[in-house]
Amino acid sequence: MDVPLWFVLLVVGVLGFKLIRPPWWLVAVILLGGFLLADSLLAPVIDTAISK
C-alpha cells in the first residue's frame, strides 16, 4: 500500500496535537523555525546529521 508522505505527516500531526496538547506558540515556533532553517546555511549540516 502506497500512502503519500503528506497524508502520513498530517495524520501524525493531528493525533499528536490531540493527544499531547502543546501550546499554540510552541507549534508556531517549531513550524517557523523549521521553515527558516530549511533555507539557511545550516541546512546541509542538518541534512547530513539526519540522513546518517
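Overview of the structure. (Residues numbered from 1 in each chain as written. Predicted model: local features only at pLDDT ≥ 70, side-chain atom pairs only at ≥ 80, totals over all residues. Heavy atoms only, no water.)

Moving on, we come to the overall build of the protein. For the protein, the helix and strand inventory stands at 3 helices and 0 strands. Listing the helices and strands of the protein from first to last along the sequence gives α-α-α. Compactness check: the protein gives a C-alpha radius of gyration of 14 Å against a globular reference of 10 Å for 52 residues, more than 25% above the reference. Principal axes of the C-alpha set define a box for the protein whose edges measure 35 × 35 × 15 Å. Of all 52 residues assigned to the protein, the portion counted as buried reaches 0%. For the protein, the exposed surface amounts to about 5000 Å²; the carbon and sulfur share of it is 78%. (Helix = DSSP H or I, 4+ residues; strand = E, 2+ residues; numbered from the N terminus. Rg over C-alpha atoms; globule rule 2.2 N^0.38 Å. Buried < 20%, exposed > 50% of the residue type's maximum accessible area, 1.4 Å probe, protein only. Areas by Shrake-Rupley, 256 points an atom, 1.4 Å probe, with all protein chains shown as cover.)

The subject of this paragraph is the environment of A28. When you line up the elements, A28 lands in helix α2 (residues 24-38). C-alpha of A28 to C-alpha of T48: the two residues are 20 residues apart in sequence and 25 Å apart in space.

What follows covers the packing of aromatic side chains. On inspection of all chains with the given rule, the structure shows 2 aromatic pairs. A centroid spacing of 6.0 Å and a plane angle of 85° characterise the contact between W6 and F7, whose relative ring orientation is edge-to-face. Accessibility expressed as a relative area gives 60% for W6, which makes it exposed. On the accessibility criterion, F7 (41% relative accessible area) is partly exposed. (Phe/Tyr/Trp six-rings, centres within 6.5 Å; stacked < 30°, edge-to-face > 60°.)

A positive phi angle is found at R21, which is not glycine, with a value near 55°. When you line up the elements, R21 lands in the loop between α1 (5-20) and α2. Its relative accessible area of 59% is what places R21 among the exposed residues.

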